[in-house]
Amino acid sequence: MELTITTLALLVLTPLLVWRIYTRIKAQMTRQRSIVSRHYTGILVFGAMILVPAAQLLGNPYNLAALLVGAAGGIGYAVWGLKLTRFEAIETGYWFTPPARLGLVMAMILVARILYIGVEIYANQGKGLPTPQLSDSPLTMLCVGLTSGYFACYSVGLLRWRRRAKRESLQA
C-alpha cells in the first residue's frame, strides 16, 4: 500500500473515529428511562440485522452457520446481561442501568469489524479486486449475529420486565 496524503489522513482520523464511537456508545450505557417504543425498535432493527443476512445466506451454509452461532452467543450474553442489569420502577417511571462493559464490548465488536472492511476496501482500491460484501466473511457474520442477538434479546428482556413491573404495580 502506497503512503499517500489520503492514507496518512485515514491513519490519523481512524483512531479519532473509534474514540468518538466509543464515547457515544459509552454515554448510552448509563442509567436510562425505559421507553417501550425504543425496546420495540431494538427488536425490529436487530432482528432484521439477523433475518436479512440469513435470507441472503441460504445458499452459503458456512456463513449462515456463523451468523446463527453468533446470534445464539449474543442471546446467551443478553441473558447474562439482563441478570446484571439494575431495574427500578419508581414514581417517576421505569428505569434501568445496563452492564456498561458488556454492552460496549458487544457494540465495539461490530464497529471494529465494519472498520476492518472499510480498510480492506480502501486498500484494494484500483487493484481490480471485487468490493467485499458484508455477508462474504464468516467472521463478519459472526460479529453481526453476536451484536444483533445481544441487543435484540436484551430489548425483549426489557419489554418483559416492563410488563411484569406494570402488572405488579397494578396488583399493589
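Residues numbered from 1 in each chain as written. Predicted model: local features only at pLDDT ≥ 70, side-chain atom pairs only at ≥ 80, totals over all residues. Heavy atoms only, no water.

Draft legend 1. Broad picture of the packing of helix 3 (residues 61-84) against helix 5 (residues 138-171). Two elements in contact, helix 3 and helix 5, have axes whose closest approach is 6 Å; the angle formed by their N-to-C orientations is 35°. When the axes of helix 3 and helix 5 are compared, the crossing they make is right-handed. Among the residues making up the contact of helix 3 with helix 5, the classes are represented as 19 nonpolar, eight polar and no charged. (Axes fitted to C-alpha atoms, helices over the stretch in contact; angles between N-to-C directions. Helix = DSSP H or I, 4+ residues; strand = E, 2+ residues; numbered from the N terminus. Left-handed = near helix turned anticlockwise from the far one by under 90°. Nonpolar A, V, L, I, M, F, W, Y, C, P; charged D, E, K, R; others polar.)

Draft legend 2. Representation of the packing of aromatic side chains within the structure. Enumeration over the complete set of coordinates arrives at seven aromatic pairs. Ring centres of Y150 and Y154 lie 5.7 Å apart, and the angle between their planes is 25°; this geometry places the pair in the stacked category. Of this pair, Y150 and Y154 both sit in helix 5, four residues apart, roughly one helical turn. According to the relative accessible area criterion, Y150 is buried, its value standing at 2%. Taken together, the aromatic side chains of F46, F96, Y150, F151 and Y154 make up a single cluster linked through ring pairs. Over the face of the ring belonging to W95 we find R31, whose NZ or CZ atom lies 4.2 Å from the ring centre. (Phe/Tyr/Trp six-rings, centres within 6.5 Å; stacked < 30°, edge-to-face > 60°. Buried < 20%, exposed > 50% of the residue type's maximum accessible area, 1.4 Å probe, protein only. Lys NZ or Arg CZ within 6 Å of the ring centre and 35° of its normal.)

Draft legend 3. Representation of the pattern of salt bridges in the model. Inspection of every chain in the model, using the stated rule, returns two salt bridges. One salt bridge in this structure joins R31 and E88, with 3.0 Å as the shortest N-O distance. In this pair, R31 is assigned in the loop between helix 1 (5-28) and strand 1 (32-33) and E88 in strand 2 (residues 86-90), connecting sequence segments 57 residues apart. R86 is the salt-bridge partner of E88, the closest N and O atoms lying 3.4 Å from each other. Shared partners join several salt bridges into a network, and the residues in it are R31, R86 and E88. (Salt bridge = Lys/Arg side-chain N within 4 Å of Asp/Glu carboxyl O.)

Draft legend 4. Region of interest: the sheet that holds strand 1. Sheet architecture is open: three strands sit in the order 1-3-2, paired in antiparallel fashion. Each having just a single partner strand, strand 1 and strand 2 make up the two edges of the open sheet. (Pairing = 2+ DSSP bridges.)

Draft legend 5. Region of the structure containing the layout of surface pockets. Considering only enclosed or pocket space, the largest pocket measures out at about 690 Å³ in volume. For the largest pocket, the lining is made up of 24 residues, of which Q28, M29, Q32, F46 and F151 are closest to its centre. Among the residues forming the lining of the largest pocket, the class breakdown is 13 nonpolar, eight polar and three charged. What the second largest pocket holds in volume is close to 250 Å³. The wall of the second largest pocket is formed by eleven residues, among which L10, L11, T14, G118 and V119 lie closest to the centre. Of all the secondary-structure elements, those providing two or more residues to the lining of the second largest pocket are helix 1 and helix 4 (100-123). The element contributing the most residues to the lining of the second largest pocket is helix 1, with six residues. Per-class residue counts for the lining of the second largest pocket are eight nonpolar, three polar and no charged. (1 Å grid on protein atoms, 1.4 Å probe; cavity = no way out; pocket = protein on both sides within 12 Å on 5 of 7 lines; lining within 4 Å. Points joined across faces, edges and corners; volume = space filled by probe spheres on them.)

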